[in-house]
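Structural features, examined
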Amino acid sequence: MSFFHANQRDALNQSLAEVQGHINVSFEFFPPRTSEMEQTLWNSIDRLSSLRPKFVSVTYGANSGERDRTHSIIKDIKERTGLVAAPHLTCIDATRDELKSIAQDYWDNGIRHIVALRGDLPPGSGKPDMYAADLVALLKDVADFDISVAAYPEVHPEAKSAQADLINLKRKIDAGANRAITQFFFDVENYLRFRDRCAAAGIDVEIVPGILPVSNYKQLQKFATMTNVRVPQWMATMFDGLDDDPETRKLVGASIAMDMVKILSREGVKDFHFYTLNRAEMSYAICHTLGVRPAG
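Residues numbered from 1 in each chain as written. Predicted model: local features only at pLDDT ≥ 70, side-chain atom pairs only at ≥ 80, totals over all residues. Heavy atoms only, no water.

Further remarks concern empty space enclosed by the protein. According to the stated counting rule, one finds three cavities of 30 Å³ or more in the structure shown. Of the voids in this model, the largest cavity is the one considered here, and its volume is about 60 Å³. Taken together, Ala 150, Ala 151, Tyr 152, Asp 165, Leu 166, Asn 168, Leu 169, Lys 172 and Phe 194 make up the full set of residues lining the largest cavity. Going through the elements one at a time, β5 (146-151) and α6 (162-174) are the ones with two or more residues in the lining of the largest cavity. If one sorts the elements of the lining of the largest cavity by residue count, α6 sits on top with five residues. Here the residues of the lining of the largest cavity are counted per class, giving six nonpolar, one polar and two charged. (1 Å grid on protein atoms, 1.4 Å probe; cavity = no way out; pocket = protein on both sides within 12 Å on 5 of 7 lines; lining within 4 Å. Points joined across faces, edges and corners; volume = space filled by probe spheres on them. Helix = DSSP H or I, 4+ residues; strand = E, 2+ residues; numbered from the N terminus. Nonpolar A, V, L, I, M, F, W, Y, C, P; charged D, E, K, R; others polar.)

Backbone-to-backbone hydrogen bonds pair the strands of a sheet. The strands run either parallel or antiparallel. Reading around the barrel, the eight strands line up as β1-β2-β3-β4-β5-β6-β7-β8 and close back on themselves, with parallel pairing between neighbours. Between one strand axis and the next, the sheet turns by 30 degrees as a mean value, whatever way the strands run. The pairing of strand β3 (residues 85-90) with strand β4 (residues 113-117) spans three bridges and is classified as parallel. Directly across from His 88, in β4, lies its bridge partner Val 115. In the packing of helix α7 (residues 188-200) onto the sheet, the strands contacted are β5, β6 (179-184) and β7 (206-211), and the crossing angle to β7 comes to about 160 degrees. (Pairing = 2+ DSSP bridges. Axes fitted to C-alpha atoms, helices over the stretch in contact; angles between N-to-C directions. Contact = heavy atoms within 4.5 Å.)

One pass over the structure, following the stated rule, counts ten salt bridges. Across the pair Lys 170 and Asp 174 runs a salt bridge whose closest N-O atoms are separated by 3.1 Å. On the criterion of helical spacing, the pair formed by Lys 170 and Asp 174 is a turn pair, its members being four residues apart in helix α6. Since its relative accessible area comes to 26%, Lys 170 is described here as partly exposed. With a relative accessible area of 55%, Asp 174 lands in the exposed category. (Salt bridge = Lys/Arg side-chain N within 4 Å of Asp/Glu carboxyl O. Buried < 20%, exposed > 50% of the residue type's maximum accessible area, 1.4 Å probe, protein only.)

This part takes up the pairing of strand β1 (residues 24-29). Burial runs high along β1: five of the six residues are buried. In this structure, β1 lies alongside strand β8 (residues 271-275), joined through five bridges in parallel fashion. Among the inter-strand pairings, Val 25 is bridged to a residue of β8, identified as Phe 272. Each parallel crossover has a hand, and the one from β1 via helix α2 (residues 35-49) to strand β2 (residues 55-58) is right-handed. (Right-handed = clockwise from strand over helix to strand, strands pointing away.)

Phe 27, Leu 135, Leu 139, Val 149, Leu 169, Leu 264 and Phe 272 are the most contacted members of the largest nonpolar core, which totals 88 residues. Here this core takes seven residues from helix α10 (residues 246-266), the largest share from any one element. (Core = buried A, V, L, I, M, F, W, Y, C linked by side-chain atoms within 4.5 Å.)

This part is about unusual backbone geometry. Of note, the phi angle at Leu 277 is positive, near 50 degrees, even though the residue is not glycine. Despite not being glycine, Asn 278 shows a phi value in the positive range, around 70 degrees. Checked against the element boundaries, Asn 278 lands in the loop between β8 and α11 (281-289). Take Asn 278: its relative accessible area is 3%, and that puts it in the buried class.

Further remarks concern the confidence of the model for the protein chain. On average, residues of the protein chain carry a pLDDT of 90, and 91% of them reach 70 or more. Helix α1 (residues 3-19) is the least confidently modelled element of the protein chain, averaging 59 in pLDDT, while β5 averages 98, the highest of any element. (pLDDT = per-residue confidence, 0-100.)

A separate point is the packing of aromatic side chains. A complete count under the given rule lists six aromatic pairs for this structure. When the ring of Phe 184 is compared with that of Phe 223, the centres are 6.4 Å apart and the planes differ by 50 degrees; the resulting orientation is tilted. In this pair, Phe 184 sits in strand β6 while Phe 223 sits in helix α8 (residues 217-227), placing the two residues 39 residues apart along the sequence. Exposure remark for Phe 184: the relative accessible area of 6% places this residue in the buried category. Aromatic pair Tyr 217 and Phe 239: ring centres 5.2 Å apart, planes at 15 degrees, arrangement stacked. In this pair, Tyr 217 is assigned in helix α8 and Phe 239 in helix α9 (residues 233-239), connecting sequence segments 22 residues apart. Judged on exposure class, the residue Tyr 217 and its partner Phe 239 are both buried. Every member of this aromatic cluster is reached through a ring pair, and the members are Phe 184, Phe 186 and Phe 223. The aromatic ring of Tyr 284 is capped on one face by Arg 47, whose charged end is 3.6 Å from the ring centroid. Arg 112 extends its terminal NZ or CZ atom over the ring of Trp 107, reaching a point 3.7 Å from the ring centre. (Phe/Tyr/Trp six-rings, centres within 6.5 Å; stacked < 30°, edge-to-face > 60°. Lys NZ or Arg CZ within 6 Å of the ring centre and 35° of its normal.)

Listed below in structure tokens is the structure:
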């Protein structure tokens, strides 16, 4: 190892020692579909709740049955752990009145944080009546919710251009959103450039990086294609030959994510949002290296 690299590593580890205690984390889960998956979910929530996340969020698909499941899990998390639990809410499958009554119901149940999204358009549905910025404004009309919205460092697949996408994000912030959480990414430079462009556009909220610890590379490739995320060639090389070796894949994925969060924390990032896919181990290990640990 050259002297330069040794110094770089020292700088990284030194800055990590300094950030301990100054990092906020949050975790995303999805509603389980089987009792076995439910057990996995609760094991993960119990494990990760010991890290005292700023909030945990629960996704849902675009239909009301899913929304009810999200709602009941949000209430259960809040009652069982006392954590701030934030439901995802989308606006393409509900009228404005329905959305207002859902929001009021959340507020009445002590749910103060919502992740506001447009949602996936059904095939052939044409232009939606509402966008995420409209949903943010509607929620703020109902009550003073703490609202997170989505951001796309590598540009939303449907956006006409990077600039149009940025203008849309600014619209969501101007409507009252409190923070933006990014789509997952692996090219740290892309995120940093995006953060600079947000600042230049007058977007003054935290742009929280969404971190996806990868243990299944084949599944990731599908996700990435759907979401317009660039998977660097070096990742393909790192996962090469591990199709039948899930344990090693987990270690490789955790190592990649740890390197990312180290660099991001050195660049001044204080908040990290982890896409857990309902599993705790990798996110827990990464938080540990950031100095986010159970009290005691």
